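Structural characterization, general
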Amino acid sequence: MNLVKGGIVIFKYCVLGLVVGAVGCWGQVAVAGNNISERIAAQTQQATVKSEQNKTDQQNSATKDPETKATEQAETPSPKPEMARDFLHIQSIEAYEKLGAFYVTGTGGVDVDISRSLYWYHKAAQAGSAKAMLFLGLAYSSLEEAPVDYQQALQWYLKAAKAGLPVAYLSAADLYLAGKFGEDGSEQATYWLQKAETAPETDAELLYKISEKILQNPELGFDPMHVIALLKQAAEAGYIPAQIQLAKFYLSGKIVAQDSREGVEYYTQAAIAGSAEAQYNLGVVYLVDRGMKNSRKAKVWLMKAAESHYPWAFYLLGQIYVRGDDVPQSDLRAYQWLELARPYHLEKADALRRKIEPSLDEDSRAQAIRQAKKWQQEHPLPHPKGRS
């Protein structure tokens, strides 16, 4: 199965609905027909109820004898996995979508069967499922086992967009950019990108994706400042990748006039929101930008990035202690940070560690390694959602 073809990405995630968002199949897959805020609220409430139930169960369990506990555990049934046969006689969009997903992924007790998957997704689409419409567009344009029909793919993309998934307009634009309807599809691609931009359901993530598409295809003829406007809209809505991209543009002077303060402002927004990449880059700016140089702030943000286990933050913290940048010079402290960088095999970090090694005796190196291990225990790797 070809998961990346014609600019369309992460096909299986789309059908499994593993990632909930508004932008679709660019690694942030849309799940149509669901009110996300209601689902999150329901899940939160369920988690709270479950937590309270767990407390009660633990209290009750403490009063039970071991034999009773063992008997109850043996009698507790394991969760029953969902099987395709359980949905065959249910007439609903959800059932059709699940059956389509089972047959395309070979789960639920059935083998991969693309023709059957298409059958069930057609039923879901005919019943109004935007997610199924998007799937069919992907299938007819990029799935090797399905019959290639770009015209039919386009129609399904447009239906998905009108049904509430404007990311499908980007897929339509991709077909034209790839020359599926003639050599120069720039005009039509531009039209569908503009439709995506102005759709009522368009969110910050999709605005960011549109800006990416424009940057990747200069032949579309968009004003570069339009990219900045899209990124600012997305950044104002709190979308971290847009904040980071704007910071890079302002600091480099690409597209916009170079402005370190504006770049630092956007990095700071993303860093405060928890982006380890932004925290690290902010630390770098405070270390090397002449107009913004501030070793104290650099250390603060690099420490934040290190707490998210951002590898290069360990290296720069090691450098700070080697040089004594606004901190007492300490090869021992430097060795500690460089030891934390060791698992990532960073060439520069390894070289610096080897360089300062002769300045430390065996006991000092052992102490630095113990401190590194202690730091790791006190700062466990955060949940992936907290990193970027």
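Scroll up to find the structure.
Presented here is a report on the structure given in the accompanying data block.

Conventions adopted
- Each residue is numbered by its place in its chain's sequence as written, counting from 1.
- Predicted model: local features are reported for residues with pLDDT of at least 70 only, side-chain atom pairs are reported and counted for 80 or more only, and whole-chain, interface and lining totals are derived from all residues.
- As a rule here, side-chain values cover all heavy atoms of the structure and leave hydrogens and water aside.
- For helices the rule is a DSSP run of H or I covering at least 4 residues; for strands it is a run of E covering at least 2, with both sets numbered from the N terminus onward.
- Buried residues are those whose accessible area, probed at 1.4 Å on protein chains only, stays under 20% of the maximum for their type, while exposed residues exceed 50% and partly exposed ones sit between those limits.
- Contacts described as polar in this section are N or O atom pairs within 3.5 Å, which, within protein, must combine one atom able to donate a hydrogen with one able to accept it, while residues neighboring in sequence count only if both atoms come from side chains.
- Contacts between residues were defined by any pair of non-hydrogen atoms, one from each residue, lying within 4.5 Å.
- Geometry is summarised by axes, namely lines fitted to C-alpha atoms with helices restricted to the contacting stretch, and by angles between N-to-C directions that run from 0 to 180 degrees.
- For classification, angles of less than 35 degrees are called roughly parallel, those exceeding 145 degrees roughly antiparallel, those between 65 and 115 degrees roughly perpendicular, and all remaining angles oblique.
- Put simply, a crossing is left-handed when the front helix is turned counterclockwise from the back one by less than a right angle, and right-handed when it is turned clockwise.
- Ring pairs shown here join Phe, Tyr and Trp side chains whose ring centres sit within 6.5 Å, with only the six-membered ring taken for Trp; geometry is labelled stacked below 30 degrees between planes, edge-to-face above 60, and tilted in between.
- Lys, Arg, Asp and Glu make up the charged group, whereas Ala, Val, Leu, Ile, Met, Phe, Trp, Tyr, Cys and Pro make up the nonpolar group; the residues left over, Gly among them, are polar.
- The span you would expect from a helix comes to 1.5 Å times its residue count less one.
- Arc, as used here, means the arc of the directions from the helix axis to the C-beta atoms.
- In plain words, nonpolar cores are sets of buried Ala, Val, Leu, Ile, Met, Phe, Trp, Tyr and Cys residues tied together by side-chain atoms within 4.5 Å.

**Remarks on the environment of proline 380**
For proline 380, the position within the fold is in the segment after helix H19 (362-378). Judged by its relative accessible area of 54%, proline 380 is exposed. As for proline 380 and histidine 309, which are separated by 71 residues in sequence, their C-alpha atoms are 8.5 Å apart.

**Re the side chain of arginine 353**
When you line up the elements, arginine 353 lands in helix H18 (residues 347-356). Judged by relative accessible area, arginine 353 falls into the buried class, the value being 6%. Of the polar contacts made by the side chain of arginine 353, one reaches the side chain of aspartate 350; its length is 3.0 Å. Once residues lying within four places of it in the same chain are set aside, the contact partners of arginine 353 are Tyr335, Leu338, Glu339 and Arg342.

**A short note on the packing of helix H16 (residues 311-323) against helix H17 (residues 331-341)**
With their axes 8 Å apart at the nearest point, H16 and H17 run at an angle of 165° to one another. By the angle between their axes, H16 is roughly antiparallel relative to H17. Seen from above, H16 lies across H17 with left-handed handedness. Contacts between H16 and H17 involve Pro311, Phe314, Tyr315, Leu317, Gly318, Tyr321 and Val322 from the former and Asp331, Arg333, Ala334, Trp337, Leu338, Leu340 and Ala341 from the latter.

**Here we look at the environment of aspartate 350**
Along the chain, aspartate 350 falls in helix H18. Between the C-alpha atom of aspartate 350 and that of tyrosine 315, which follows or precedes it by 35 residues, the distance is 8.8 Å. Ignoring sequence-local partners within four residues, the contact set of aspartate 350 consists of Arg342 and His345.

**Concerning the packing of aromatic side chains**
Summed over all chains, the structure comprises 15 aromatic pairs. Taking 4.8 Å as the distance between ring centres and 45° as the angle between the ring planes, the aromatic pair formed by tyrosine 176 and phenylalanine 181 counts as tilted. Here phenylalanine 181 falls in the partly exposed class, since its relative accessible area comes to 30%. Note on phenylalanine 314 and tryptophan 375: the rings are 5.7 Å apart at their centroids and 90° apart in plane angle, and the pair reads as edge-to-face. Taken together, the residues span a long stretch of sequence, with phenylalanine 314 in helix H16 and tryptophan 375 in helix H19 at a distance of 61 residues.

**Focus on the packing of helix H12 (residues 240-252) against helix H13 (residues 260-272)**
Between H12 and H13, whose axes approach to 8 Å, the crossing angle comes to 160°. The angle between the axes of H12 and H13 places the two elements in the roughly antiparallel class. Crossing hand, H12 versus H13: left-handed. Contacts between H12 and H13 involve Ile240, Gln243, Ile244, Leu246, Ala247, Lys248, Tyr250 and Leu251 from the former and Ser260, Glu262, Gly263, Tyr266, Tyr267, Gln269 and Ala270 from the latter. The residue inventory of the contact of H12 with H13, partitioned by class, reads 9 nonpolar, 4 polar and 2 charged.

**Let's talk about helix H11 (residues 224-236)**
The terminal C-alpha atoms of H11, which comprises 13 residues, lie 19 Å apart, in line with the 18 Å expected from a rise of 1.5 Å per residue. Residues of H11 that are buried: Val227, Ile228, Leu230, Leu231, Ala234 and Ala235. Mapping the buried residues of H11 onto a view down its axis gives an arc of 165°, with all of them on the same face. Capping of H11 at its N-terminal end is provided by aspartate 223; its side-chain oxygen lies 2.9 Å from the backbone amide nitrogen of methionine 225. Glycine 238 occupies a position one or two residues after H11 and carries a positive phi of about 90°.

**Quick notes on the nonpolar core**
With 112 residues, the main nonpolar core has Leu118, Leu134, Leu136, Tyr157, Leu302 and Trp337 as its most contacted residues. At 9 residues, helix H6 (residues 130-142) tops the list of elements feeding residues into this core. Beyond its immediate chain neighbours, meaning those up to four positions away, leucine 118 contacts Phe135, Leu136, Ala139, Tyr140, Ala146 and Pro147.

**Describing helix H8 (residues 167-177)**
Of all 11 residues making up H8, 10 are buried, and the element is well covered by its neighbours. Every buried residue belonging to H8 is among Val167, Ala168, Tyr169, Leu170, Ser171, Ala172, Ala173, Asp174, Leu175 and Tyr176, and all of these are buried. Summarising the contacts, the buried residues of H8 are in contact with H6, helix H7 (150-162), helix H9 (186-198) and helix H10 (204-216). After H8 finishes, the residue glycine 179 shows a positive phi value of roughly 75°.

**Brief notes about the environment of alanine 278**
Note that alanine 278 resides in helix H14 (residues 276-288). Residues alanine 278 and tyrosine 267, spaced 11 residues apart in sequence, show a C-alpha to C-alpha distance of 5.4 Å. Among all residues touching alanine 278, those that are not within four sequence positions of it are Ile244, Tyr267, Ala270 and Ala271.

Read these as spatial facts, not as claims about activity.
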